[in-house]
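Survey of secondary and tertiary structure
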Amino acid sequence: MLKNPASSATGLSRRSFMTGTVSAAAAAPLLASAAKAEEAAAVHSRLREAVAVSLRINGQPYALSLDTRTSLLDALRDHVGLTGTKKGCDHGQCGACTVLVDGKRVLSCLSFAVMNQGSEVTTVEGLASSDGKLHPMQQAFIDHDAFQCGYCTPGQIMSAIGCINEGHANSEDDIREFMSGNICRCAAYPNIVAAIVQARDQTRGT
Amino acid sequence: MDAAAPKPGENQGEPLPRIDARLKVTGQAHYPADLPTANIAYGALSTSSIARGRVTKLRLDDARAVPGLLDIVTYGDMDKVEKPKFGNSGATSIGPLHDRTIFHDGQIIALAVAETFEAAEEAAQLIRAEYEEEKPTASFDSPGAKTVDAAGKNPMHKEDVKAGNFDAAYAAAPVRIDARYSTPTQHHNPIELFSTTAFWQGDQLIVHEPTQNVTGWKVELARQLKIDPANVRILSPFIGGAFGSKGPMTPRTAIVAVAAKRLGRPVRCVTSRMQAFGTQTYRAETRHRIRIGAGRDGRITAFAHEGWEVTSRADAYVVAGTSATGRMYDYGSVLTHVSLVEADRNTPGYMRSPPETPYVYALENAMDEMAVTLGMDPVEFRRINEPKVEPIGKKPFSSRSLIQCYDQAADAFGWAKRDPKVGAMRDGDWLVGMGCATAIYPTAAAPCAARVRLTSDGDVRVQCGSHEIGTGVRTVAGQMASERLGVPIDKVNVEMGDSSLPPAPVSGGSISTASVCSAVLKACDAIRTKLSVGATAEGRPLAGSHNEELDFADGKIVAKGGASAKIEDVFKIMQVGAIDEYAEFAPKGATPGALKKLYAGQPEFHGGDHDEDSVKYAFGAEFVEVRINRYTREIRVPRIVGAFAAGRIMNTRTARSQLMGGMIWGIGQALQEATEVDGRYARYVNRDLQDYLVPVNADIRDLQVILVPEVDHAVNPAGVKGLGELGNVGTAAAVASAVYHATGNRIRDLPIRIDQLIA
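Residues numbered from 1 in each chain as written. Chains lettered and ligands numbered in written order. Predicted model: local features only at pLDDT ≥ 70, side-chain atom pairs only at ≥ 80, totals over all residues.

**Some words on the overall build of chain A**
How we decide: Only runs of H or I of at least four residues qualify as helices and only runs of E of at least two qualify as strands under DSSP, and these elements are numbered from the N terminus. Here the C-beta atoms are placed from the backbone, and a residue counts as buried if at least 20 other C-beta atoms lie within 10 Å of its own, exposed if 12 or fewer do, and partly exposed otherwise. Placing a C-beta atom from the backbone of each residue, one calls two residues in contact when those atoms lie within 7 Å.
Scanning chain A from terminus to terminus reveals 7 helices and 6 strands. Secondary structure elements of chain A, listed N to C terminal, follow the sequence β-α-α-β-β-α-β-β-β-α-α-α-α. Residue burial in chain A is summarised as follows: out of 206 residues, 49% are buried. Looking at chain A alone, contacts between residues at least 24 apart form 56% of all its contacts between residues at least 6 apart.

This is the structure:
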């Protein structure tokens, strides 16, 4: 009996899906011609080759050399050293990795770094002013104790800013609904809502 | 004003913001996998796809061919180190790479190490195993499940508690109920992923890993690796949620340490969310049978609680919540029994209120059923059965404010407006139900050490090897030092989460605030004594004053008559620059070897129901409103009120947040959380945050926490009862009670979902 331990019936991750797709693509042409198979294998190996990726993060340009499979999240954390953005699931299910890309909230674990060439990425490290003054959302999270362990907090804060930008913070019900993609396992939810209301009212019209 | 910062009542501390709040909102709080580490290699786990059998062959060629692959650690590579141990600091005795036997699905079979995360993941997924597979036992009722008495199998459960003659009292009782309840498998799912980063500097091993127990892990990891514990340092400055999951060390830690040694460079392995379900611990499923006999006046005369818990074949993990449920009310007679059911599963472990969550759920659901059977208000039923002493050992409670909690919560909730008739309350298409239940959690403390330094400039440094898992312990430890030394909180720096600091017990069992604050208090008082002697000696500014009459406030030492001396001036007079005190706290009843054991990572817990003089518990009462759609049976919880009494509250802000989080956990346990186990393969099915449901923002609306003032000097010097695990006890029963009130359906098996209401 031979089994692939990593891909059980329920266990298809984004990465195994990627390699799986490539393998399937590689397997089919084998029937057709060896040349096509070689070509497919070359594609597979090119996937692992480093590519040059230019990103603007918190207003600074970065020139990176990355595996094409590197997520924006891993690029930020492992290659740029901005570890404020957190990995909580790597599947787009928890929201801890939320950043702003061109002002819109994005799950950085579901976006390959190479897809963000030339985009403006804002992370939690880019919110406070250079003089150390906190963004109103950061201050509101402190004022309302909108976290406990603090791990989901960068994602909550970025998502909350995105939520207001989208016009989805008009009522507490709206906030609850449009912030439900960010899980807080410590369950600071009522405090998160209160913080967003405060920051919304402070930033409205600015 | 601000709900997050409740005005302190009697014996309650100021709602200071967390001292690490700025770090947390700016992304500068470094969790273990964030700590900068140069020249790092990445590890990825490969895990078994069967639950029982043997690995006969591993095919590694495809994995080795991945560009950037550096090493694969697998069978044979761990032979020179010791197997893990179960208990205290160890999650399981299963040494996954010591033995080709497969004990459970998702067991580690190899660690692939590569130059990049992507290459490590690719290689791990290309590792192919061949198995000799046997039919696994998944859970209760599965073929091959072995049921054994729990008593004596684990030091946590020495015997089944009992009192009086249950059989006779139950037979004689005019009103009786006999009901069965169950709770499902649950996984902690802290949002921070589990990870290990290990590197060696000569003989020194440094490990960055989120843990609730740096000292215990240092000792256990050193034992496994056969090195001196002095050569192991565990760093965990911030922990991204724990809930018990990061208490015991799992086998991965030593495997990563071995990989780092072989490679001669740092290795980091971040476990995927999916793999965590099988490689970490979890709350096992439980079953309960409860019998209650009572007179028509509502007085309980007989109580029996039988529990069944799933554990692994390798380890006898047991929670046995009967020691708490058996002491909760004035029962007359008590009979309890706990059984373990062994299955082909990974070993369970502590999860927020491990015994109380399932066992008190069953008890409180039964209490509600009995109140209904008696035709009595459920609050009144509990009031009638309020004990003067606990029924097992006939000891008094050190303090018990349960009725005050019920009264205050009922008042805030508007319980008096509830129409007790089932299905009587409606709002349009919504059936409205209201229910309540008791929360209880044992109050314990353990030995703890702390070092406090006060400089002549008024700067304070507190060092303690405890853990900031989100409870706010760093803040309240700083607050204790600030209060005792009379310096502002922004002059206090608190270091935690490092095994090279003075040892603290595991951050579990809701003991941290009591244990840490008691040690910090002791160190601060030693500093006060030195300064007091310096200030009151002959010819000194406060000469003639008695030490015990001095107060420390606003940077000054203030004598009874109002005379004062600036602390910085006293330092000058004494000709010292800093006073540094190392203190060891041991709770009442500690054995002569208790402090030595603290340094060995084996802290003794005292309190709860273990003390001679009294039993020590914190109490609460929770009231919930549910709304159930009359057509779809969608269940919502628009309102929840909890009142809790837990001795001295160090900080009303962090206390409220913990209780709030607990109550929301309780709502999740009532309506959402369950790990589904595939009975055919003994495999967890919903291994991610999409399918393992936890409360999200839209699930929670009005939530109110009431902190009922309580003074209890018997529990520990700080007068603190733990409350981190109190909030989620009883909640699920309150929801079940409300669902019954709305619909007439008594749901006994958690979680309560729509399908159970469409019968």
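Back to the text.
**Digging into the overall build of chain B**
Defined as follows: It is over C-alpha atoms that the radius of gyration is taken, and the globule rule equals 2.2 Å times the number of residues to the power 0.38.
The number of helices and strands found in chain B is 17 helices and 32 strands. What you see for chain B is a C-alpha radius of gyration of 27 Å, in line with the 27 Å of a compact globule of 759 residues. The contacts of chain B with a sequence gap of at least 6 include a subset with a gap of at least 24, amounting to 81%.

**Let's talk about the domain arrangement of chain A**
Residue and element names in this part refer to chain A. What counts here: A domain assignment, automatic or from a database, supplies the domain bounds used here.
Its domain assignment divides chain A into domain 1 (49-126) and domain 2 (127-206). Between the C-alpha centres of domain 1 and domain 2 the distance comes to 21 Å. Tallying the contact residues gives 16 residues for domain 1 and 14 residues for domain 2. For the side of domain 1 that touches domain 2, the secondary structure elements donating two or more residues are strand E4 (98-101) and strand E5 (104-107). No other element matches E4, which puts 3 residues into the side of domain 1 that touches domain 2.

**Overview of the interface of chain A and chain B**
For the record, the criterion: Throughout this entry, Asp, Glu, Lys and Arg are counted as charged residues, while Ala, Val, Leu, Ile, Met, Phe, Trp, Tyr, Cys and Pro are counted as nonpolar. The remaining residues, Gly among them, count as polar.
Contacts between the two partners involve 66 residues from chain A and, on the opposite side, 67 residues from chain B. When contributions to the side of chain A that touches chain B are tallied by element, the ones reaching two or more residues are strand E1 (2-3), helix H1 (14-32), helix H3 (72-80), helix H4 (136-143), helix H5 (153-165), helix H6 (172-178) and helix H7 (189-203) of chain A. The element that contributes the greatest number of residues to the side of chain A that touches chain B is H7(A), accounting for 6 residues. Tallied by class, the residues present in the side of chain A that touches chain B amount to 28 nonpolar, 23 polar and 15 charged.

**Describing unusual backbone geometry**
With glycine set apart, most residues show a phi of negative sign, and most peptide bonds adopt trans. Residue and element names in this part refer to chain B. Here the residue pair Leu750 and Pro751 is connected by a cis peptide bond, since its omega of -10° sits within 30 degrees of zero. Structurally, the position occupied by Pro751 is in the segment after helix H17 (731-743). Even without glycine at this site, Asn11 takes up a positive phi of about 65°. As for its placement among the helices and strands, Asn11 is situated in the segment before helix H1 (21-26).

**Structural notes on the sheet that holds strand E22 (residues 492-495) of chain B**
All names here are of chain B. What counts is decided by this rule: By the convention used here, strands pair only if DSSP detects at least 2 bridges between them. Orientation is described by lines fitted to C-alpha atoms, with helices fitted over the stretch in contact, and by angles between N-to-C directions that extend from 0 to 180 degrees.
Strand order in the open sheet made by the 4 strands is E22-E21-E20-E26, with mixed pairing throughout. Whereas interior strands pair on both sides, the edge strands pair on one side only; in this sheet they are E22 and strand E26 (578-585). Across the sheet, the mean angle separating the axes of adjacent strands is 15° when strand polarity is ignored. The pairing of strand E21 (residues 460-463) with E22 spans 4 bridges and is classified as parallel. Opposite Val460, over in E22, you have Val492 as the bridge partner. Contacts between helix H12 (residues 473-485) and the sheet are confined to strand E20 (448-455), E21 and E22, with E22 contributing the most and set at about 140° to the helix. Taken strand by strand, helix H13 (residues 512-536) contacts E20, E21 and E26, and its axis lies near 140° from that of E26.

**Re the nonpolar core**
Short version of the rule: Throughout this description, the term nonpolar core refers to a group of buried Ala, Val, Leu, Ile, Met, Phe, Trp, Tyr and Cys residues whose C-beta atoms join them within 7 Å.
Among the nonpolar cores identified, the biggest contains 298 residues, and B:Ala112, B:Val520, B:Phe644 and B:Val735 are the most heavily contacted of them. Look past the residues within four positions of B:Ala112 in its chain and what remains in contact with it is B:Gly43, B:Ala44, B:Ser46, B:Ala63, B:Leu69, B:Ile72, B:Ala120, B:Ala123, B:Ala124 and B:Ile127.

**Concerning the pairing of strand E16 (residues 333-343) of chain B**
All names here are of chain B. Counting buried residues in E16 gives 8 out of 11 residues, a clear majority hidden from the surface. Direction of pairing for strand E7 (residues 146-149) relative to E16: antiparallel, over a ladder of 4 bridges. By the bridge assignment, Lys146 is partnered in E16 with Glu342. Bridge count between strand E8 (residues 162-163) and E16: 2 bridges; the pairing is antiparallel. Pairing of Ala163 across the sheet is with Val334, part of E16. Direction of pairing for strand E15 (residues 300-312) relative to E16: parallel, over a ladder of 11 bridges. Paired with Ser312 across the two strands is Ala343, which belongs to E16.

**Structural notes on the domain arrangement of chain B**
Residue and element names in this part refer to chain B. You can read the domains of chain B as domain 1 (355-443 + 608-759) and domain 2 (446-605). Just the C-alpha atoms count here: the centres of domain 1 and domain 2 sit 37 Å apart. Each partner contributes residues to the interface: domain 1 has 15 residues there, and domain 2 has 15 residues. Considering only residue class, the side of domain 1 that touches domain 2 consists of 7 nonpolar, 6 polar and 2 charged.

**A short note on the environment of B:Phe238**
Inspection of the secondary structure puts B:Phe238 in the loop between strand E12 (232-235) and helix H6 (252-263). It is 33 Å that separates the C-alpha atoms of B:Phe238 and B:Val624, two residues lying 386 residues apart in sequence. If we skip the residues at most four places from it in the chain, B:Phe238 touches A:Gly150, B:Ala29, B:His30, B:Tyr31, B:Glu468 and B:Gly497.

**Regarding H6(B)**
Residue and element names in this part refer to chain B. This is how the line gets drawn: A helix is expected to span 1.5 Å multiplied by its residue count minus one.
When the terminal C-alpha atoms of H6 are compared, their 16 Å separation across 12 residues agrees well with the 16 Å that a helix rising 1.5 Å per residue should span. Judged by how many residues are buried, H6 sits mostly within the fold: 9 of 12 residues are covered. Turning to H6, its buried residues number three or more, namely Arg252, Thr253, Ala254, Ile255, Val256, Ala257, Val258, Ala259 and Ala260. Just beyond H6, the residue with positive phi is Gly264, at close to 70°.

**Comments concerning H3(A)**
Summarising burial for H3(A): 7 of the 9 residues are buried, a large majority. Listing the buried residues of H3(A) in full gives A:Leu72, A:Leu73, A:Asp74, A:Ala75, A:Leu76, A:Arg77 and A:Val80.

**Quick word on the environment of B:Ala655**
All names here are of chain B. Tracing the sequence through the fold places Ala655 in helix H16 (residues 652-671). Spatially, the C-alpha atom of Ala655 lies 23 Å from that of Tyr361, the residues being 294 residues apart in sequence. If sequence neighbours within four positions are ignored, Ala655 has contacts with Ile649, Leu707 and Leu723.

**Notes on the packing of H12(B) against H13(B)**
The geometry of a pair of packed helices is captured by two quantities: the angle between their axes and the separation between those axes. Residue and element names in this part refer to chain B. The condition that has to hold: Here roughly perpendicular refers to angles of 65 to 115 degrees, roughly parallel to angles under 35, roughly antiparallel to angles over 145, and oblique to all remaining angles. Helix crossings fall into two classes, left-handed where the near helix is turned counterclockwise from the far one by less than a right angle and right-handed where it is turned clockwise.
At a closest axis distance of 9 Å, the pairing of H12 and H13 adopts a crossing angle of 25°. As judged from the angle between their axes, H12 and H13 are roughly parallel. The chirality of how H12 crosses H13 is right-handed. On H13, the residues touching Val473, Val476, Ala477, Met480, Ala481, Arg484 and Leu485 of H12 are Ser512, Thr513, Val516, Cys517, Val520, Leu521, Cys524, Asp525, Ile527 and Arg528.

**Quick notes on the sheet that holds strand E2 (residues 50-57) of chain A**
Residues and elements named next belong to chain A. Strands sit in the order E3-E2-E6-E4-E5 across an open sheet of 5 strands; the sheet is mixed. The open sheet terminates on both sides in strands that have one partner only, identified here as strand E3 (60-67) and E5. Between one strand axis and the next, the sheet turns by 45° as a mean value, whatever way the strands run. Packing against the sheet, H5 makes contact with E4 and E5, and its axis sits at approximately 40° to E4.

**Observations regarding the environment of A:Asn116**
Positionally, A:Asn116 belongs in the loop between E5 and strand E6 (120-122). Taking the C-alpha atoms as reference points, A:Asn116 and A:Asp102, 14 residues apart in sequence, are found 9.8 Å from one another.

**Quick word on the packing of H4(A) against H7(A)**
Residues and elements named next belong to chain A. In the contact formed by H4 and H7, the axes pass within 8 Å of each other and the chain directions differ by 145°. Handedness of the crossing formed by H4 with H7: right-handed. Residues Pro136, Met137, Ala140, Phe141 and Asp143 of H4 touch H7, and the partners they reach there are Ala195, Gln198, Ala199, Gln202 and Thr203. Of the residues contributing to the contact of H4 with H7, the split by class is 6 nonpolar, 3 polar and 1 charged.

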